[in-house]
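Architecture and fold: a report
The primary structure of each chain is shown beneath.
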Amino acid sequence: MTDLNRRVATAARWSLVNTIVRRVGTFASGVVLARLFFGPYEWGLYAVGLLVLAMLLSLNEMGVSLALVRWEGDIRRFAPTVLTLSTLSSSAFYVLLWFSAPALAKALGSPDATLMLRVLCISVIIDGIACVPLGQLNREFQQFRRTAVDILNFVVNTVATIAFAAAGIGAMAFAWGSLIGNLVALVGFGLCAPRMLRFGWNKDQAKQLLRYGLPLASASLLTLGIVNVDSVVVGSVLGPAALGIYAMAFNMSSWPVRMVSETARRVSFAGFSRLADSSPAEFAGGFISAFTLVIAAAVPICVVLGVLATPIIVFVYGKQWAAAGLPLQFLVALGLLRTAVELAYDCLATRVRKTLMVMQAWWLFSLIPLLLLGAHLWGVPGVAAGHVVVAGLLVSPVFVVVLGRLGIPTGQILRACVRPALGGVAMGVVAWLAHHWLGEGFLGLAVAGVASTAAYVPFVLPIINRLRSGSAGAGEPATEPALA
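Basis of the calculations
Residues numbered from 1 in each chain as written. Predicted model: local features only at pLDDT ≥ 70, side-chain atom pairs only at ≥ 80, totals over all residues. Heavy atoms only, no water. Helix = DSSP H or I, 4+ residues; strand = E, 2+ residues; numbered from the N terminus. Buried < 20%, exposed > 50% of the residue type's maximum accessible area, 1.4 Å probe, protein only. Areas by Shrake-Rupley, 256 points an atom, 1.4 Å probe, with all protein chains shown as cover. Phe/Tyr/Trp six-rings, centres within 6.5 Å; stacked < 30°, edge-to-face > 60°. pLDDT = per-residue confidence, 0-100. Contact = heavy atoms within 4.5 Å. Axes fitted to C-alpha atoms, helices over the stretch in contact; angles between N-to-C directions. Parallel < 35°, antiparallel > 145°, perpendicular 65-115°, else oblique. Left-handed = near helix turned anticlockwise from the far one by under 90°. Nonpolar A, V, L, I, M, F, W, Y, C, P; charged D, E, K, R; others polar. Expected span 1.5 Å × (residues − 1). Core = buried A, V, L, I, M, F, W, Y, C linked by side-chain atoms within 4.5 Å. Patch = residues over 30% accessible without salt bridge, like charges linked within 9 Å, V, L, I, M, F, W, Y side chains within 5 Å. Salt bridge = Lys/Arg side-chain N within 4 Å of Asp/Glu carboxyl O. Bend = angle between axes of the 7 residues up to and from the residue.

Glancing now at the overall build of the chain. Helices and strands together make up the secondary structure of the chain, namely 17 helices and zero strands. For the chain, the proportion of its 484 residues judged to be buried stands at 56%. Summing over all exposed atoms, the chain offers an accessible surface of approximately 19700 Å²; the carbon and sulfur share of this is 70%.

Following the criterion strictly, the structure yields eight aromatic pairs and no others. Measuring from centroid to centroid gives 5.0 Å for Phe38 and Phe174, while their planes differ by 40°, and the two rings are tilted. Taken together, the positions of Phe38 in the loop between helix H1 (2-36) and helix H2 (40-59) and Phe174 in helix H8 (residues 172-192) put the pair 136 residues apart, joining distant regions of the chain. Taken as a pair, Phe38 and Phe174 share a single burial class, namely buried. Each ring, one from Tyr46 and one from Phe174, has its centre 3.8 Å from the other, and the planes form 10°; the classification is stacked. Taken as a pair, Tyr46 in helix H2 and Phe174 in helix H8 lie far apart in primary sequence, 128 residues in all. Here the two residues Tyr46 and Phe174 agree in accessibility, since each one is buried. Through pairs of rings, three or more aromatic residues link up here, namely Phe37, Phe38, Trp43, Tyr46, Phe174 and Trp321.

Another point: the confidence of the model for the chain. Taken as a whole, the chain shows an average pLDDT of 81; of its residues, 82% reach a score of 70 or greater. Per-element confidence in the chain is highest for helix H16 (residues 410-438), whose mean pLDDT is 92, and lowest for helix H3 (residues 67-70), whose mean pLDDT is 60. Considering only residues more than four positions removed or in separate chains, one finds that residues 471-484, a stretch of pLDDT under 50, has 37 contacts.

So, about the packing of helix H10 (residues 240-253) against helix H14 (residues 325-349). Two elements in contact, H10 and H14, have axes separated by 8 Å at closest approach and are oriented at 40°. With respect to each other, H10 and H14 are oriented oblique. With respect to the hand of their crossing, H10 and H14 are arranged in right-handed fashion. Contact residues: H10 offers Tyr246, Ala249, Phe250, Met252 and Ser253, while H14 offers Pro327, Leu328, Leu331, Val332, Leu334, Gly335 and Arg338. Taken together, the residues of the contact of H10 with H14 sort by class into nine nonpolar, two polar and one charged.

Looking now at H8. In this model H8 runs 30 Å from its N-terminal to its C-terminal C-alpha over 21 residues, within 8% of the 30 Å that 1.5 Å per residue would give. In terms of burial, H8 is a largely internal element, 15 of the 21 residues being buried.

Counting 122 residues, the largest nonpolar core has Trp43, Phe287, Leu348, Phe399 and Ile408 as its most contacted members. At 18 residues, the largest contribution of residues to this core is made by helix H15 (residues 353-405). Filtering out sequence-adjacent residues up to four positions away, Ile408 remains in contact with Phe283, Ala284, Phe287, Ile288, Cys347, Leu403 and Ile413. Of all hydrophobic cores here, the second largest spans 11 residues; its members include Leu85, Val132, Ala193 and Leu209.

Looking now at the environment of Phe330. Mapped onto the secondary structure, Phe330 falls in helix H14. The spacing of Phe330 and Pro381 is 51 residues in sequence and 7.7 Å in space, taken between C-alpha atoms. In contact with Phe330, not counting residues within four places along its chain, are Pro381, Ala384, Ala385 and Val388.

Among the structural elements, Ala322 can be located in the loop between helix H13 (309-317) and H14. For the pair Ala322 and Pro311, spaced 11 residues apart in sequence, the C-alpha to C-alpha distance is 8.2 Å. Ignoring sequence-local partners within four residues, the contact set of Ala322 consists of Thr310, Ile313 and Val314.

Turning our attention to a nonpolar patch on the surface. Together, Trp362, Leu370, Leu373, Leu377, Trp378, Val389, Leu393 and Leu394 line one region of the surface with nonpolar side chains, adding up to about 810 Å² of accessible area. Turning to its location among the elements, Leu373 is positioned in helix H15. For Leu373, a relative accessible area of 44% translates into the label partly exposed.

With that settled, the discussion passes to the pattern of salt bridges. Per the counting criterion, the structure on display carries two salt bridges. A salt bridge links Arg146 to Asp150, with the shortest nitrogen-to-oxygen separation between them at 3.1 Å. Within this pair, Arg146 and its partner Asp150 are both found in helix H7 (residues 143-166), separated by four residues, close to a single helical turn. Residue Glu342 is joined to Arg338 by a salt bridge in which the shortest nitrogen-to-oxygen separation is 3.6 Å. Residue Glu342 and its partner Arg338 are both found in helix H14; the two are separated by four residues, about one turn of the helix. Pair check on accessibility: Glu342 and Arg338 agree, each one buried.

The terminal C-alpha atoms of H14, which comprises 25 residues, lie 35 Å apart, in line with the 36 Å expected from a rise of 1.5 Å per residue. Largest kink in H14: about 30°, centred on Leu331. Most of H14 is tucked away, with 19 of its 25 residues classed as buried.

Here Val380 lies in helix H15. A relative accessible area of 11% means that Val380 is categorised as buried. Taking the C-alpha atoms as reference points, Val380 and Val234, 146 residues apart in sequence, are found 7.0 Å from one another.

The following block contains the structure:
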């Protein structure tokens, strides 16, 4: 356990560096593009492209790449079969997308997005090939190498996108920039994991891989449906300009998910996989430690974004994006819930894959009617509010119950939320008062951010100290943290 924790901790630190560098860079480039080149309409077309791409990526290798992380033994023995399966399936999905792109773009309320879909989704094939070397890096906790490649991808992508935007090609700049960056990343991953890009075929291995991967791929598709069905509703009911406003709010609300959850998820599945066959106490202790840390890190970002939503949007992106303020206030709550649920998803994926698929289906099918109702009655804010109601009242309790059946006590999960919740309340009050007294300019936002963070620290500091000492909590057995 000591060696595993050391490797996980090192990987988590590099994963955090990766996330921070790329998210700060993405934020900065987004500001440039939103202020100088694109309005809500172009942003809406790009949101349509990302929506379709995300759906294809969830299925393109049918979940078999996760076997590279989970299975025991030498992965080079079955990696060629994984590569063949993932490349064939991703190519088939792209061909299907090419022919259906016009009808798909029209159904999403954005017929002008057809060419973007065809160019942007070439990345599906690239991802199908890159998943094999990437799987080896994740399995071995080689997050330093992944960080180097991801940052290179980001730099190339950003430079190319801004250059194409300045050349006046509109929303297509996103597609060409993304394609060029992903090609560079494919080369980088191939160099970081040599001898992993070899095609081969073994019928028995293919059957085992599909049996393992298809439930996870189905659950992943349902998860992406949950995250993206709102964009489908907004685009088809309200049009691309409204979708651009919603996409801006959703992207900002996803900051805690990306900053915190992505950092954890690069190592959480591998870490939980190592703990899956350990004692129930070790498995539960690993999850509670990870959950506590993730929630404590996500709360302050969500609180600041929620309390200061409109002033932050106007200051950063300009007054033309002010309409995104109200939906953002709802969506930050969703961002916090997603951060918790995604960690639970990775934990459950190591033990109850079929149950996980049913849970995700419940989330998706309970979400659709409420989002449609919200869009027709209240527009973009109605869709955002519907998302939060379903996630908070209909879905989160189900995850808590299933985790309890795996031996992770509900009481420990709730206790892990107490200090972050109290700190979040204090933080929100301080942020609101500072903004009310100092106004909406840079000074008011800066003081509100610093002062509210200072108010949060006394609540979260005992959590950090407890995790560092390896204690799961008062009155509970000490366990080694899985993601400390």
